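Residue-level structural notes
For reference, the chains in residue letters:
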Amino acid sequence: MASPEPTRFPLQDFTPMHRSLEWRLSPFWWEARAQDAFHGGDVPYLVTSDGRLADQAARVFLAAAAGMPAEGTLWILEAGAGSGLFARLFLLALRDLCAAEGVDVYDRVRYVVADASPGMIRKLTESALLEEFGDQVRLVVAPLPGVDDALAGCGLDPNARWSMVTVNYVLDSLPATILRRRDGRLEELRLRTFLHEDGVWYSLTGMEHADILELVRKGDTESYWKLLPLLHHLRMDARFEPVDAAALPDPARVPDANGAFAHGLGALAALDEFTGRLAPGGFVLVNDYAFEGAGDPPVAEYQRFGGSAALGLNVAQIDRAMAAAGLTSHAPEHTDATLPARMIGTDLAPAAVELFRALFGTETRDKLKQPLEQIAEHTEAGRMQEALTLWQGLLDDHPRNWHVREQAAVFLTHHAGLHETAIEVAREALRLHPCASLLWNVLGDAFLHMKDTRSAVECYETSIRLHPGEVRARLNLATLMNLRGHPAEALSLVNAALQHDVRLDYSEDLLVRQREASELLMEMRKQEAARVQDRVRHLG
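Here goes a summary of the coordinates provided. (Residues numbered from 1 in each chain as written. Predicted model: local features only at pLDDT ≥ 70, side-chain atom pairs only at ≥ 80, totals over all residues. Heavy atoms only, no water.)

Check the secondary structure of the chain and you find 23 helices and 14 strands. Taken against the 2.2 N^0.38 rule, which gives 24 Å for 540 residues, the C-alpha radius of gyration of the chain at 27 Å falls within 12% of a compact globule. Principal-axis analysis of the C-alpha atoms gives the chain an extent of 100 × 65 × 50 Å. Considering the chain as a whole, with its 540 residues, one finds that 52% of them fall into the buried category. (Helix = DSSP H or I, 4+ residues; strand = E, 2+ residues; numbered from the N terminus. Rg over C-alpha atoms; globule rule 2.2 N^0.38 Å. Buried < 20%, exposed > 50% of the residue type's maximum accessible area, 1.4 Å probe, protein only.)

This brings us to the sheet that holds strand β13 (residues 328-330). Pairing is mixed in the open sheet, where seven strands are placed in the order β4-β3-β2-β5-β10-β14-β13. Bordering the open sheet on either side are β4 (137-141) and β13, each of which pairs with just one other strand. The sheet shows a mean angle of 20 degrees between the axes of neighbouring strands, taken without regard to direction. One ladder, built from five bridges, connects strand β10 (residues 278-287) with strand β14 (residues 341-345); its direction is antiparallel. In the sheet register, asparagine 287 faces β14, and the bridge partner there is alanine 341. (Pairing = 2+ DSSP bridges. Axes fitted to C-alpha atoms, helices over the stretch in contact; angles between N-to-C directions.)

The full count for this structure, using the stated rule, is 24 salt bridges. Between aspartate 237 and arginine 8 there is a salt bridge whose closest N-O contact spans 2.5 Å. Here arginine 8 lies in strand β1 (residues 8-16) and aspartate 237 lies in strand β8 (residues 235-242), a separation of 229 residues in the sequence. Residue classification places arginine 8 among the partly exposed residues on the basis of a relative accessible area of 34%. One salt bridge in this structure joins aspartate 55 and arginine 59, with 2.8 Å as the shortest N-O distance. You can see aspartate 55 and its partner arginine 59 sitting in helix α4 (residues 52-64), four residues apart, about one turn around the helix. When salt bridges with common partners are traced through the structure, they connect Asp55, Arg59, Asp96 and Arg400 into a single cluster. (Salt bridge = Lys/Arg side-chain N within 4 Å of Asp/Glu carboxyl O.)

Bringing the environment of aspartate 115 into the picture now. Mapped onto the elements of the fold, aspartate 115 is located in strand β3 (residues 109-115). Its relative accessible area of 11% is what places aspartate 115 among the buried residues. Separated by 33 residues in the primary sequence, aspartate 115 and glycine 82 place their C-alpha atoms 8.4 Å from one another. Once residues lying within four places of it in the same chain are set aside, the contact partners of aspartate 115 are Gly80, Ala81, Gly82, Met120, Ile121, Val140, Val141 and Ala142. Looking at aspartate 115, its side chain comes within polar contact range of the main-chain nitrogen of alanine 81, at 2.8 Å. (Contact = heavy atoms within 4.5 Å. Polar contact = N/O pair within 3.5 Å; in protein donor to acceptor, adjacent residues only side chain to side chain.)

With that settled, consider unusual backbone geometry. Trans is the common state for peptide bonds, and a negative phi is the common state for residues other than glycine. Cis geometry marks the peptide bond from leucine 144 to proline 145; its omega dihedral reads -10 degrees. Examined against the element boundaries, proline 145 turns out to sit in the loop between β4 and α8 (147-151). Positive phi outside glycine occurs at aspartate 250, with the angle close to 50 degrees. By the element assignment, aspartate 250 lies in the loop between β8 and β9 (259-263). The phi torsion at lysine 451 lies on the positive side, around 65 degrees, for a residue other than glycine. With respect to the element layout, lysine 451 can be found in the loop between α19 (437-449) and α20 (453-466).

Moving on to the packing of helix α21 (residues 472-484) against helix α22 (residues 487-500). Close contact between α21 and α22 brings their axes to 8 Å; oriented N to C, the two are set at 160 degrees. By the criterion of interaxial angle, the relationship of α21 to α22 is roughly antiparallel. Here the hand of the crossing between α21 and α22 comes out left-handed. Touching Arg474, Leu477, Ala478, Met481 and Asn482 of α21 are Pro487, Glu489, Ala490, Leu493, Val494, Ala496, Ala497 and His500, all from α22. (Parallel < 35°, antiparallel > 145°, perpendicular 65-115°, else oblique. Left-handed = near helix turned anticlockwise from the far one by under 90°.)

All right, on to the packing of aromatic side chains then. Taken as a whole and assessed by the stated rule, the structure comprises eight aromatic pairs. For the ring pair phenylalanine 90 and tyrosine 111, a centre distance of 5.8 Å and an interplane angle of 45 degrees mean the geometry is tilted. Highlighted residues: phenylalanine 90 in helix α5 (residues 85-101) and tyrosine 111 in strand β3, separated in sequence by 21 residues. In this pair, the class of phenylalanine 90 matches that of tyrosine 111, namely buried. Counting every residue linked through ring pairs, the aromatic cluster contains Phe61, Phe86, Phe90 and Tyr111. When the ring centre of phenylalanine 194 is taken as origin, the NZ or CZ atom of arginine 8, which lies over that ring, is 3.8 Å away. The ring of phenylalanine 14 carries arginine 239 above its face, with NZ or CZ at 3.8 Å from the centroid. (Phe/Tyr/Trp six-rings, centres within 6.5 Å; stacked < 30°, edge-to-face > 60°. Lys NZ or Arg CZ within 6 Å of the ring centre and 35° of its normal.)

What follows covers empty space enclosed by the protein. Counted by the stated rule, this structure contains three cavities of 30 Å³ or more. Space inside the largest cavity adds up to approximately 190 Å³. Element by element, the count of residues in the lining of the largest cavity is highest for α4, at three residues. Its residues assigned to classes, the lining of the largest cavity comprises seven nonpolar, five polar and four charged. (1 Å grid on protein atoms, 1.4 Å probe; cavity = no way out; pocket = protein on both sides within 12 Å on 5 of 7 lines; lining within 4 Å. Points joined across faces, edges and corners; volume = space filled by probe spheres on them. Nonpolar A, V, L, I, M, F, W, Y, C, P; charged D, E, K, R; others polar.)

A few words now on the nonpolar core. Counting 120 residues, the largest nonpolar core has Phe61, Phe90, Tyr111 and Phe283 as its most contacted members. Sort the elements by how many residues they give to this core and α5 lands first, with eleven residues. Contacts of phenylalanine 90, omitting those with residues within four sequence positions, involve Ala54, Ala57, Ala58, Phe61, Ile76, Tyr111 and Met164. (Core = buried A, V, L, I, M, F, W, Y, C linked by side-chain atoms within 4.5 Å.)

Worth remembering: the numbers are spatial, not functional.
As structure tokens, then:
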């Protein structure tokens, strides 16, 4: 017999998705978590930030520069700060490519990173990830769309025109709605939000239902901050309701399609702003994922990572909108329907378009995926020399991919036993991504195998300093503290790690270290008590 559903406490009646409470709270979650959302594992970021995408974008931009003015500043906008790694790796790649070809394109670039979250910009500044580029990079707090209005207020040239705008998995988080046309009738997906009577929400906020309802009704910044602890406890019903197309935002661009589809009003508005400010030969480079449907019966399902909410792009709608504006939306030669890329502009250098079509398709991604799968097979079978040969090829082919180097360093340390080489590979990876907590652990592991405990401890402590919620480094340090006979320090490290290990990735190992430290501490105290008794006996 099914147990009855807990009592519901309604918070918000049926409303379009982008106006729902979860979507309203998502920007506040980003403000609170900032770059920790990526480094803490809430939001995947390898797809945009391992170096592959940045390297490809740098190659396409360099090719496109041939169709741009030969003198003057080349302005680049990255809309959405992300982890900051794309900007860093793009500029490193462009600098290397320009040096190899003997051209001045890199020197002429001024790179603007814009994000609506002051917390994202503040944390990125504090990380010093982009510090080595000096005045070549400017960090700007600006809504999307809304970058144009923010430029003048931060000392940038208000008349600057973009040679490139790059948007990586950002457009999907802008306001959007899900529509459905069935039997000639247009409907919109609406969400109803409520809480279950489980007591958790009261313990989180100390508020009664009426207090929460009042905050939802007010819907101002202060209220949303107070409601943020409830984000992961919100529950939703979903249903389609009739809607008049004329009442929708940007009604002229509502697709004339049957079935369920996304109406990306925020993405279209942002692209209008970006393309309206393109320099001659300039382009917008989009990487995102596509809308795949709403289900039948409908459910409130869209991308959720941590407290972020996102809806896949209606790529066909974007292509039509860009064409109507006199722009061409180029697609890769071999494209992934779920992870589309687009290069949008007019009169682009043909070589740049062809390079984009070749580099941003599935074949390029598979060229990295296939050898990694072969390496895993060789390693499992104990064929270390074959695996080592493939690793060397990958390192040569992807010199600016820190994640490839990270994985290679793990292999060199734990499988091949080439610890000195692992240290070299890990250090080069950290030059590319100096804030990678796992990389600092990998480097520490290599030092530990070399019996250089002091350097290993420094690496683990650096990882914790960079990311206070780091779990693995605390586990490693606790292991060392137990071996050194410092169980109290080990227990302190384990207890802190258990608090941060919300996904229970390391819980079993942590509990083992906790038990070892407790037993060691008890044994040491028994020995101390015995020594005290022995002293008393001798004194007597």
